[in-house]
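So the chains spell out like this:
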Amino acid sequence: MSTQDKLTHFDAAGNAIMVDVSDKAETHREATASGRIKVSPEVYEAIEQGTAQKGDVLGTARIAGILAAKATSSVIPLCHPLPIAKCSVDFQMLDAECAVEARATVKVTGQTGVEMEALHAVSVALLTIYDMCKAIDKRMELDLIHLERKSGGKSGVFVR
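Residues numbered from 1 in each chain as written. Predicted model: local features only at pLDDT ≥ 70, side-chain atom pairs only at ≥ 80, totals over all residues. Heavy atoms only, no water.

Asker: Just checking my understanding: could you explain the confidence of the model for the chain for this structure?
Answerer: Counting all residues, the mean pLDDT for the chain is 92, and 96% of those residues have values of 70 or more. Overall, residues 1–5 carries pLDDT values under 50, and its contacts beyond four positions in sequence, including any with other chains, amount to four contacts. (pLDDT = per-residue confidence, 0-100. Contact = heavy atoms within 4.5 Å.)

What follows is the structure, encoded as structure tokens:
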């Protein structure tokens, strides 16, 4: 079996398509993704103490991540629009690494998974931290964005 036979976003002629999920059963689906942004000590302190000039960095990044999850199908061309039931975006300050970890969990009852929504939420949350702190230091680095866990659907449970 060729790689193309395994990929579901292509038709027989090799054209990109939106996968037909109309015959799939609705199931509870959940995905969690995480990533981090490495920052300077000055940025870390501004985030931790809430002194960044643009305001509440993590609060704003949380809202941006939730909005991103809801808008994923508008940005990723072949994603289906989903009726998201829940999206949470949480942060952990990593003192030893001078970094902030973002974690997003998205839930839906539907015919397709929410991995892209969780990954999009994390990515936009981290980009928002960058945007709000770039006046302090532009050398921040986003990294380790990945899917941690997903459940539901015919592929079942995935744990990294």
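Continuing now.
Asker: Please clarify how the packing of helix α3 (residues 57–70) against helix α5 (residues 115–133) should be interpreted in this entry.
Answerer: Packing of α3 against α5 leaves a shortest axis separation of 7 Å and a crossing angle of 145°. The two elements α3 and α5 cross, and the hand of that crossing is right-handed. In this structure, α3 contributes Val57, Leu58, Thr60, Ala61, Ala64, Gly65, Ala68 and Ala69 to the contact, and α5 contributes Glu117, His120, Ala121, Val124, Ala125, Thr128, Ile129, Met132 and Cys133. (Axes fitted to C-alpha atoms, helices over the stretch in contact; angles between N-to-C directions. Helix = DSSP H or I, 4+ residues; strand = E, 2+ residues; numbered from the N terminus. Left-handed = near helix turned anticlockwise from the far one by under 90°.)

Asker: What am I meant to see in the nonpolar core here?
Answerer: Soluble, globular proteins show a tendency: their nonpolar side chains are buried together. Ile47, Val57, Phe91 and Ile129 are the most contacted members of the largest nonpolar core, which has 34 residues in total. Looking at this core, the elements that each hand over two or more residues are β1 (27–38), α2 (41–49), α3, β2 (86–94), β3 (99–110) and α5. Among the elements that take part in this core, α5 stands out by supplying eight residues, more than any other. If we skip the residues at most four places from it in the chain, isoleucine 47 touches Val57, Leu58, Met93, Val100, Ile129 and Cys133. (Core = buried A, V, L, I, M, F, W, Y, C linked by side-chain atoms within 4.5 Å. Buried < 20%, exposed > 50% of the residue type's maximum accessible area, 1.4 Å probe, protein only.)

Asker: Help me understand the sheet that holds β1, please; the structure alone is not making it clear to me.
Answerer: Sheet strands pair via backbone hydrogen bonds, and the direction of the pair is either parallel or antiparallel. Within the open sheet, the five strands sit side by side as β2-β3-β1-β4-β5. Their pairing is antiparallel. Lying at the two open borders of the sheet, with one neighbouring strand each, are β2 and β5 (158–159). Bridging between β2 and β3 involves nine bridges; their strand directions are antiparallel. Each residue of the ladder has a partner; that of phenylalanine 91, found in β3, is alanine 102. Across the sheet, α3 touches β2 and β3, and the angle it forms with β2 is around 145°. Sitting on the sheet, α5 is in contact with β1, β2, β3 and β4 (141–151), with an inclination near 25° to β1. (Pairing = 2+ DSSP bridges.)

Asker: Before we go on, may I ask you to explain the environment of lysine 86 in this structure?
Answerer: Looking at the secondary structure, you find lysine 86 in strand β2. Spatially, the C-alpha atom of lysine 86 lies 22 Å from that of arginine 160, the residues being 74 residues apart in sequence.

Asker: Is there a simple way to think about the pairing of β1 in this case?
Answerer: Consecutive side chains of a regular strand alternate in pointing toward one face of the sheet and then the other. Bridge count between β1 and β3: twelve bridges; the pairing is antiparallel. Directly across from alanine 31, in β3, lies its bridge partner valine 106. Pairing geometry for β1 and β4, over eight bridges, is antiparallel. Residue pairing across strands places alanine 31 opposite lysine 150, the latter belonging to β4.

Asker: Help me understand a negative patch on the surface, please; the structure alone is not making it clear to me.
Answerer: A cluster of acidic residues, Glu42, Glu45, Glu48 and Asp95, forms a negative patch on the protein surface. Note that glutamate 45 resides in helix α2. (Patch = residues over 30% accessible without salt bridge, like charges linked within 9 Å, V, L, I, M, F, W, Y side chains within 5 Å. Areas by Shrake-Rupley, 256 points an atom, 1.4 Å probe, with all protein chains shown as cover. Salt bridge = Lys/Arg side-chain N within 4 Å of Asp/Glu carboxyl O. Lys, Arg positive; Asp, Glu negative; His and termini not counted. Charge placed at Lys NZ, Arg CZ, Asp CG, Glu CD.)

Asker: What am I meant to see in unusual backbone geometry here?
Answerer: Peptide bonds are, in most cases, trans, and in most cases residues other than glycine have a negative phi. Its identity is not glycine, yet cysteine 98 carries a phi of approximately 50°, on the positive side. Inspection of the secondary structure assignment puts cysteine 98 in the loop between β2 and β3.

Asker: Help me out: how do you make sense of the pairing of β4 in this one?
Answerer: As judged from the two bridges shared by β4 and β5, these two strands associate in the antiparallel manner. Each residue of the ladder has a partner; that of lysine 150, found in β5, is phenylalanine 158. Hairpin remark: β4 followed by β5, antiparallel, with six residues in the connecting loop; positive phi at glycine 152, about 95°.

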